[in-house]
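Per-entry structural report
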Amino acid sequence: MSARLAVDIGGTFTDVVLETGTTAHATKILTTPDAPERAVLEGVRTILAEAKCLPADVTLVVHGTTLATNALIERKGARTALVTTAGFRDSVEMAWEHRFEQYDIYMERPEPLVSRDLRFGVPERVAADGAVLLALDEKAVRAVAADLRKEKVEAVAVCFLHSFTNEAHERRTGAILAEELPGVAISLSCEVCPEIREYERTSTTIANAYVLPRMAGYLGQLEADLKREGIAGPLLLMMSSGGITTVETARRYPVRLVESGPAGGAILARTVAAENDARRAVAFDMGGTTAKLTLLDDLELQRSRQFEVARAYRFIQGSGLPVRIPVIELVEIGAGGGSIARLDALGRLQVGPDSAGSVPGPASYGRGGTEPTVTDADTALGRLDPKRFAGGAIPLHRDKAEAALQSLAGPLKTDAQGAAAGVAEIVDETMASAARVHAVENGKDTADRDLIAFGGAAPLHAARLARKLGMKRVIVPVGAGVGSAFGFLRAPIAYEVVRTRHVRLDMFDAKMLNELFAAMRLEAEAVVQPAAPGEKLVEHRQAFMRYRGQGHEIAVPLPNEPFGADATRDLRRRFEATYETVFGRAIPKLEVEALTWTLSLATDRPLPAPAKAIAVLAAPAPAGHREVLDPASGMREQAAIHERNALKPGMVVDGPALIVEDGTTTVVPRGFAARLNSVSQIVLEDRA
């Protein structure tokens, strides 16, 4: 029996999924923050025993983790230094030289990951065209290495001016530092982010260096532990781009793992959207620590080449640390089951962004937590079965949840359930607001989309969120509680290579670009082929182009073939068509230029066909009833309880109802009807 394993480490839970043919097993284990691999191994042993599967039968392990993200957010990475061109050590602090919030005199910028005393300049200079203006001063590099040794740094980021056009100085500096500082992790910008724009390139290289020692050590330990367990299959890592890659690549470029967990969920959402012919959708992933929302249009995910980690100011763009990596564009907020509720100085109810995490966890876990959380609110509202939470692994204590909520109830002049309703409404409105802002930033809206809900907490809040966003249909996939892990097993093995080469269309050099793409293809193949021997590979090319004089580019799709004699005309046509789609019109008679070129290579993973329509069936009698308080209406109602495995395709359940399974519970409010489609997904339709 051959089996595939997926592991997703979150801030609160570690999810493990095992697929053997058409059968799937899933489990949730509390994350062990001090040693994350401990929870992974516990989950793997549990699920192998449950499935009666031998470790030797596991042919593949796909892993996604928030460890890199959390290290950046919590500032718990390595002691890192920056080596850059003399005179430019403060560019990482000057950033874009603008205020992301003009009218707030107390606005604070995010602090760089490298303090000023650990930023060093060395004499060297390369021009924008790659010409050497000042040779590298190797004695100065060795002097800096001596200072770094005294400072006991654990990682070094090297980022010289214009190294994306000529990497010789960075390469030589890296070699000297490796010689002088054995055991210290070194990241070169010409490898991590060989692109134009100094601040973003420096920030990305620093972020990579900052998390590299911890991630390299963790991945090496996990790989060794899995082999000791008898698992012979390779360990592959989920990237933020939605593709998976080898351990070797992940250990060199751990910054590409930022948002790897949410990317898996987005891949699952795309599959679910295809099965339901949902051409316009929002993927909604709510776990124990955060909530993530992603837009889908025509079954395609929003993608970007830049992402901000740890936005510190009301989720406003520019208030975080930019990392320039291929990423599925999403918004992530501190609104999960463990998010802590409190009253601010004005007596207003606030939820998150801080979380009770897995230690001590929400008060209802009975593990020492005393602060009220979203999970405590859901417990007090009657939404959660205390004996079925996380498959019964974590019994919930409703009395402790209500005791924690009582700290809010007094000042709010209500009871514990009233406070719980307020917490639920605030967290739902916070997520709705984030979704609206994210949609507007991308020139879209949320109305009349389908909401695809997964993650342990999402089905509890999805119907209310859908109504706030003007959506009429919610889809809850099979195994929704561990949705991101299921997504890992549907992701392609992929890698993207990027290069900056400034090319004006009136001075187009087809030979140079054909050689560039050939080299990029070889680099991508070196990463993808070892993990996917013999598989068909799909190539996609893009150019980032603009009218000459503009400050930013747009992504223009390119044909996957060498440039020919008529390439200039074809590139202009493609650019103007894309520009008109984005801005409504093209501008005639302006010169066009391209700055950056990308090539992505991936295994072929075709989307499934839409699920077949089936006849409506009557649902069985409910397994029981439970009083549930609806925060929207304030009414206490007797909700019918249905076991998800007792419902067959075609069956319909009218709200108010709770559909219970091991990983989550789907709340069906009054006015909604839930039916199971032909692939056993729950489809909630708002009939109000």
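Residues numbered from 1 in each chain as written. Predicted model: local features only at pLDDT ≥ 70, side-chain atom pairs only at ≥ 80, totals over all residues. Heavy atoms only, no water.

1. Quick word on the sheet that holds strand β34 (residues 665-668)
Strands sit in the order β30-β31-β33-β34 across an open sheet of four strands; the sheet is mixed. Each end of this open sheet is capped by a strand with a single partner; those strands are β30 (624-629) and β34. In this sheet, neighbouring strand axes are inclined to one another by 30° on average, regardless of whether the strands run parallel or antiparallel. Sheet topology places β30 next to strand β31 (residues 636-643); six bridges connect them, and they run antiparallel. Among the inter-strand pairings, His625 is bridged to a residue of β31, identified as Ala640. (Pairing = 2+ DSSP bridges. Helix = DSSP H or I, 4+ residues; strand = E, 2+ residues; numbered from the N terminus. Axes fitted to C-alpha atoms, helices over the stretch in contact; angles between N-to-C directions.)

2. As for the pattern of salt bridges
Inspection of the entire model under this criterion finds 60 salt bridges. Notably, a salt bridge pairs Arg342 with Asp354, separated by 2.5 Å at the nearest N-O pair. One end of the pair, Arg342, is in strand β21 (residues 339-343); the other, Asp354, is in strand β22 (residues 349-355), with 12 residues separating them in the sequence. Looking at Arg342, the relative accessible area reads 30%, which means it is partly exposed. Under the relative-accessibility criterion, Asp354 is labelled partly exposed at 31%. (Salt bridge = Lys/Arg side-chain N within 4 Å of Asp/Glu carboxyl O. Buried < 20%, exposed > 50% of the residue type's maximum accessible area, 1.4 Å probe, protein only.)

3. Concerning the pairing of β21
Residues in a regular strand point their side chains to alternate faces of the sheet. Note: β21 against β22, four bridges, orientation antiparallel. When the sheet's bridge partners are listed, Arg342 is paired in β22 with Gln350.

4. As for helix α5 (residues 168-180)
When the terminal C-alpha atoms of α5 are compared, their 18 Å separation across 13 residues agrees well with the 18 Å that a helix rising 1.5 Å per residue should span. Looking at α5, one finds that the buried residues are His169, Glu170, Thr173, Gly174, Ile176 and Leu177. In an axial view of α5, the angular spread of the buried residues amounts to 165°, which keeps them on one side of the axis. (Expected span 1.5 Å × (residues − 1). Arc of directions from axis to C-beta.)

5. Describing the side chain of Glu637
Its place among the elements puts Glu637 in strand β31. On the basis of relative accessibility, which here comes to 9%, the residue Glu637 falls in the buried class. Side chain to side chain, Glu637 and Arg670 meet in a polar contact 2.6 Å long. Setting aside residues up to four positions removed in sequence, Glu637 forms contacts with Arg626, Glu627, Val628, Asp630, Pro656 and Arg670. (Polar contact = N/O pair within 3.5 Å; in protein donor to acceptor, adjacent residues only side chain to side chain. Contact = heavy atoms within 4.5 Å.)

6. A word on empty space enclosed by the protein
Summary: where empty space remains is shown by rolling a probe the size of a single water molecule over the atoms. Taken as a whole and assessed by the stated rule, the structure comprises one cavity of 30 Å³ or more. What the largest cavity holds in volume is close to 60 Å³. Glu191, Val192, Pro194, Arg256, Tyr495, Glu496, Val497, Val498, Arg499 and Glu523 together form the lining of the largest cavity. For the lining of the largest cavity, the elements supplying multiple residues, two or more each, are α6 (189-192) and β25 (494-504). Residue contributions to the lining of the largest cavity peak at five residues, all from β25. The residue inventory of the lining of the largest cavity, partitioned by class, reads five nonpolar, no polar and five charged. (1 Å grid on protein atoms, 1.4 Å probe; cavity = no way out; pocket = protein on both sides within 12 Å on 5 of 7 lines; lining within 4 Å. Points joined across faces, edges and corners; volume = space filled by probe spheres on them. Nonpolar A, V, L, I, M, F, W, Y, C, P; charged D, E, K, R; others polar.)

7. Some points on the layout of surface pockets
Taken as a whole, the second largest pocket holds about 640 Å³ of empty space. Where the lining of the second largest pocket is concerned, the elements lending two or more residues are β3 (23-30) and α1 (36-51). The leading source of residues in the lining of the second largest pocket is β3, at five residues. Of the residues belonging to the lining of the second largest pocket, the class tally is nine nonpolar, nine polar and seven charged.

8. Re the pairing of strand β4 (residues 58-65)
With seven of eight residues buried, β4 lies mostly within the body of the structure. Here strand β1 (residues 3-9) pairs with β4 via seven bridges, running parallel. Bridge assignment links Ile9 to a residue of β4, and that residue is Thr65. Here β4 runs beside strand β11 (residues 235-238); their pairing, made up of three bridges, is parallel. Paired with Val62 across the two strands is Leu236, which belongs to β11.

9. Topic: the sheet that holds strand β6 (residues 119-122)
Strand pairs in the sheet, formed through backbone hydrogen bonds, run parallel or antiparallel to each other. Read from one edge to the other, the open sheet built from four strands follows the order β6-β5-β9-β10, with strand pairing classed as parallel. Looking at strand neighbours, the two that pair on one side only are β6 and β10 (185-188), the edges of this open sheet. Neighbour-to-neighbour, the strand axes of the sheet open up by a mean angle of 20°, direction not taken into account. Inspection of the sheet shows strand β5 (residues 80-85) paired to strand β9 (residues 155-159) by five bridges, in the parallel sense. Looking at β9, one finds that Thr84 is bridged to Cys159.

10. Side note on the state of the cysteines
Inspection of the entire model under this criterion finds zero disulfides. Looking at the unpaired Cys159, the closest cysteine sulfur is the one in Cys193, lying at 8.1 Å. (Disulfide = S-S within 2.5 Å.)

11. A look at the packing of α1 against helix α7 (residues 198-228)
At a closest axis distance of 10 Å, the pairing of α1 and α7 adopts a crossing angle of 25°. Taken together, the axes of α1 and α7 lie roughly parallel to each other. As α1 packs across α7, the resulting crossing turns out to be right-handed. For the pair α1 and α7, contact is made by Pro36, Glu37, Val40 and Leu41 and by Tyr218, Gln221, Leu222, Asp225 and Leu226, respectively. Classifying every residue of the contact of α1 with α7 gives six nonpolar, one polar and two charged. (Parallel < 35°, antiparallel > 145°, perpendicular 65-115°, else oblique. Left-handed = near helix turned anticlockwise from the far one by under 90°.)

12. Description of the environment of Gly357
Counting through the fold element by element, Gly357 comes out in the loop between β22 and α10 (374-380). Separated by 86 residues in sequence, Gly357 and Thr271 have C-alpha atoms that sit 30 Å apart. With sequence-adjacent residues up to four places away left out, Gly357 is seen in contact with Gly11, Thr12 and Pro362.

13. Digging into helix α15 (residues 510-528)
Here α15 contains 19 residues, and its C-alpha end-to-end distance of 26 Å stays within 8% of the 27 Å for a straight helix at 1.5 Å per residue. Among the residues of α15, those classed as buried are Leu513, Leu516, Phe517, Met520, Ala524, Glu525, Val527 and Val528. Where α15 starts, the residue carrying a side-chain oxygen 3.3 Å from the main-chain nitrogen of Lys511 turns out to be Asp509.

14. What about the packing of aromatic side chains?
The description of an aromatic ring pair uses the distance of the two centres, along with the angle that the planes make with each other. Applying the stated criterion across every chain yields a total of 11 aromatic pairs. Ring centres of Tyr547 and Tyr579 lie 4.8 Å apart, and the angle between their planes is 70°; this geometry places the pair in the edge-to-face category. Of this pair, Tyr547 sits in strand β26 (residues 537-547) while Tyr579 is found in helix α16 (residues 567-583), placing the two residues 32 residues apart along the sequence. Comparing Tyr547 with Tyr579 shows no difference in burial state: the two are buried. Feature note: the residues Phe508, Phe517, Phe563 and Trp597 constitute an aromatic cluster, connected by ring pairs. The aromatic ring of Phe13 is capped on one face by Lys28, whose charged end is 5.1 Å from the ring centroid. Cation over ring: Arg541 sits above Phe517, and NZ or CZ is 4.4 Å from the ring centre. (Phe/Tyr/Trp six-rings, centres within 6.5 Å; stacked < 30°, edge-to-face > 60°. Lys NZ or Arg CZ within 6 Å of the ring centre and 35° of its normal.)

15. Details of the packing of helix α4 (residues 138-151) against α5
One way to put it is that α4 packs onto α5 with a least axis distance of 10 Å and a crossing angle of 40°. The angle between the axes of α4 and α5 places the two elements in the oblique class. For α4 against α5, the interelement crossing comes out right-handed. Between α4 and α5, the residues in contact are Glu138, Val141, Arg142, Ala145, Leu148 and Arg149 and Arg172, Thr173, Ile176, Leu177, Glu179 and Glu180, respectively. Residue composition of the contact of α4 with α5, by class: five nonpolar, one polar and six charged.

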